[in-house]
Amino acid sequence: MVLPAVKCDAVEMIRSYLLENGYKPGDRIPTQSALAQILDLPDRSLREGINILVNQGVLIPKGRAGTFMSNPQRENVVEPIRWFYETKDISDYELIQARIILEKAVIGTVCENRSTKDLLLLQSIVEKQGSTPLPAKEELSLDKEFHLQLISSTHNKALDIVGNLIMLHLDMLYERGLYPEDMDERCIDHQSIIDAVYDRNKDLAEELIVSHLEKCYAFANTLPNNPLKSAPPSQDCVS
């Protein structure tokens, strides 16, 4: 649906005003009458602009308390993507390959930008993974924590969306029965990745992350409904 120009102008004017004046998640914004004066907008256009931003999840109305800047949660970001994946009938193979491509692209930046604190945080996660046999849900949770920390170690906030995508891929693969549980080599692989990141060895880190993810999903070849059968021969990365 194409919005009328006056509505689009109001939305952009409100959005720009809030950004330029440093409004942060949780902040109360000026009243609609005040904003209409500040932005020199008709009351009706201002209301319509506010409503659009509420529908987009940018603003949250709280009755007499006022209207506030939202604090976006991961679900607000990934659920529309999940819906896109499901309506586009994204295959298991495509999901696996997308995760490999994303993490390979990120690991080089991790090698360049990681700090000592990042290494210590990664190491603490691996120690938890290797301490005792873990229930499946806890194992998945620590696996997510490790890969999210890798994203955080890029020190590039714009890559947070990649972390959200990787978490979504993990969730969907788990839901589809493609997440290998009780995988003893996961902890060993994670340690090898940390060692390569410590040495800032980009080529080795890329090789290790790809090898690790391929290994995680290699077991899919043994499933009756093999999700990798549709893989193009030239791109058959999973052994």
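Conventions we followed
Throughout, residues of each chain are indexed from 1 in the direction in which the sequence is written. In keeping with the predicted nature of the model, local features appear solely for residues at pLDDT of at least 70, side-chain atom pairs appear and are counted solely at 80 or more, and the whole-chain, interface and lining totals rest on all residues. Only hydrogens and water are set aside; all other atoms, that is, all heavy atoms of the structure, feed into the side-chain values. Any Phe, Tyr or Trp ring, taking Trp's six-membered ring, that has another such ring centre within 6.5 Å forms a pair; planes under 30 degrees apart are called stacked, those over 60 apart edge-to-face, and the others tilted. A ring is scored as having a charge over it whenever the NZ atom of a lysine or the CZ atom of an arginine sits within 6 Å of its centre and within 35 degrees of its normal. Under the scheme used here, helices are H or I runs from DSSP no shorter than 4 residues and strands are E runs no shorter than 2 residues, and both carry numbers assigned from the N terminus. Helix span, expected: 1.5 Å multiplied by one less than the number of residues in the helix. Categorising residues by exposure relies on relative accessible area from a 1.4 Å probe, with only protein chains included: less than 20% of the type maximum marks a residue as buried, more than 50% marks it as exposed, and the intermediate range marks it as partly exposed. When checking whether two residues touch, look at their non-hydrogen atoms; a contact exists if any pair is within 4.5 Å. pLDDT gives the predictor's per-residue confidence on a scale running from 0 to 100. Axis definition: a line fitted to C-alpha atoms, limited for helices to the stretch in contact. Angles are taken between N-to-C directions and run from 0 to 180 degrees. In these notes the angle categories are as follows: under 35 degrees is roughly parallel, over 145 is roughly antiparallel, 65 to 115 is roughly perpendicular, and the rest is oblique. Helix crossings are classified by the rotation of the near helix relative to the far one: an anticlockwise turn of less than a right angle makes the crossing left-handed, while a clockwise turn makes it right-handed. Each residue gets one label: Ala, Val, Leu, Ile, Met, Phe, Trp, Tyr, Cys and Pro are nonpolar, Asp, Glu, Lys and Arg are charged, and the others, such as Gly, are polar. Any carboxyl oxygen of Asp or Glu within 4 Å of a side-chain nitrogen of Lys or Arg constitutes a salt bridge here. Distance and chemistry together define a polar contact, namely a pair of N or O atoms within 3.5 Å, with one atom able to donate a hydrogen and the other to accept it when in protein, and with adjacent residues in sequence counting only for side-chain atoms on both sides. We define a nonpolar core as any set of buried Ala, Val, Leu, Ile, Met, Phe, Trp, Tyr and Cys residues linked to one another through side-chain atoms lying within 4.5 Å.

Digging into the packing of aromatic side chains
Any aromatic ring pair is given by two values, namely how distant the centres are and how the planes are angled relative to each other.
Right, so step 1: Here the structure, examined in full by the defined rule, presents two aromatic pairs.
Right, so step 2: Arranged with centres 6.1 Å apart and planes meeting at 40 degrees, the rings of Tyr17 and Tyr23 form a pair that is tilted.
Right, so step 3: Aromatic side chains Phe84 and Tyr85 sit 6.3 Å apart centroid to centroid with 55 degrees between the ring planes, which places their arrangement in the tilted category.
Right, so step 4: Over the ring of Phe68 we find Lys62, and its NZ or CZ is 4.8 Å from the ring centre.

Examining helix α8 (residues 160-175)
Two residues of an α-helix separated by three or four positions point the same way, owing to the 3.6 residues in each turn.
Right, so step 1: For α8, built from 16 residues, the straight-helix expectation of 22 Å at 1.5 Å per residue is met to within 8% by its first-to-last C-alpha distance of 23 Å.
Right, so step 2: With respect to burial, α8 is a largely interior element, 12 of its 16 residues being buried.

Things to note about helix α3 (residues 43-55)
Right, so step 1: Between its terminal C-alpha atoms α3 stretches 18 Å, which fits the 18 Å expected from 13 residues at 1.5 Å a residue.
Right, so step 2: Listed as buried for α3 are Ser45, Leu46, Glu48, Gly49, Ile50, Ile52 and Leu53.

Re the environment of Arg176
Right, so step 1: Inspection of the secondary structure assignment puts Arg176 in the loop between α8 and α9 (185-198).
Right, so step 2: On the accessibility criterion, Arg176 (32% relative accessible area) is partly exposed.
Right, so step 3: With 84 residues separating them along the chain, Arg176 and Asp92 place their C-alpha atoms 8.1 Å apart.
Right, so step 4: Not counting the four nearest positions on each side in its chain, Arg176 is found in contact with Ile90, Ser91, Asp92 and Leu95.

Remarks on the confidence of the model for the protein
Right, so step 1: The predicted model of the protein has a mean per-residue pLDDT of 84, with 87% of residues at 70 or higher.
Right, so step 2: The element-level mean pLDDT for the protein is lowest in helix α1 (residues 5-20), coming to 81, with α9 highest at 93.
Right, so step 3: Here residues 1-6 is a poorly scored stretch, pLDDT under 50, and it has three contacts once near neighbours within four places are set aside; other chains count.
Right, so step 4: Note on residues 233-239: pLDDT is under 50 here. Beyond four places in sequence and across chains, it has 15 contacts.

Details of the packing of helix α6 (residues 116-131) against α9
Right, so step 1: Closest axis-to-axis distance for the α6/α9 pair is 9 Å, and the angle between their directions is 165 degrees. It follows that α6 is roughly antiparallel to α9 by the angle criterion. For α6 against α9, the interelement crossing comes out left-handed. The segment α6 lies against α9, with Leu119, Leu122, Gln123, Val126, Gln129 and Gly130 engaging Arg186, Cys187, His190, Gln191, Ile194, Val197 and Tyr198.
Right, so step 2: The residue makeup of the contact of α6 with α9, split by class, is seven nonpolar, five polar and one charged.

Looking at the pattern of salt bridges
Right, so step 1: According to the stated counting rule, one finds 12 salt bridges in the structure shown.
Right, so step 2: Of the charged contacts, one joins Glu175 and Arg82 as a salt bridge, the two residues approaching to 2.9 Å between their closest N and O atoms. Residue Glu175 is located in helix α8, and its partner Arg82 is located in helix α4 (residues 74-87); the two are separated by 93 residues in the primary sequence.
Right, so step 3: On the basis of relative accessibility, which here comes to 52%, the residue Glu175 falls in the exposed class.

What to know about the side chain of Arg99
Right, so step 1: In this fold, Arg99 is placed in helix α5 (residues 92-113).
Right, so step 2: The buried category is assigned to Arg99, whose relative accessible area is 1%.
Right, so step 3: Side chain to side chain, Arg99 and His147 meet in a polar contact 3.3 Å long.
Right, so step 4: If we ignore the near neighbours within four places in the chain, the residues touching Arg99 are His147, Ile166, His169, Leu170, Leu213 and Tyr217.

A closer look at the nonpolar core
Taken as a class, soluble globular proteins show a tendency for nonpolar side chains to be buried jointly.
Right, so step 1: Grouped together as the largest cluster of nonpolar side chains are 43 residues, with contacts concentrated most on Tyr85, Ile107, Phe146, Leu150, Val197 and Ile209.
Right, so step 2: For this core, the element with the most residues is α8, which contributes eight residues.
Right, so step 3: Discounting residues that sit within four places of it in the chain, Ile107 has contacts with Leu150, Ile193, Val197, Ala205, Glu206 and Ile209.
Right, so step 4: Among the nonpolar cores identified, the runner-up in size contains 16 residues, and Leu35, Leu39, Leu41 and Leu53 belong to it.

A word on the packing of α5 against helix α10 (residues 202-218)
Two measures define how a pair of helices packs: the angle their axes make with one another and the distance between the axes.
Right, so step 1: The interhelical angle for the contact between α5 and α10, taken along N-to-C directions, is 155 degrees, at an axis separation of 9 Å. Comparing their axes, α10 and α5 come out roughly antiparallel. Considering how the two elements wind past one another, α5 and α10 form a crossing that is right-handed. Between α5 and α10, the residues in contact are Ile96, Arg99, Ile100, Glu103, Lys104, Ile107, Gly108 and Cys111 and Lys202, Ala205, Glu206, Ile209, Val210, Leu213, Glu214 and Tyr217, respectively.
Right, so step 2: Each residue belonging to the contact of α5 with α10 can be placed in one class, and the counts come to nine nonpolar, one polar and six charged.

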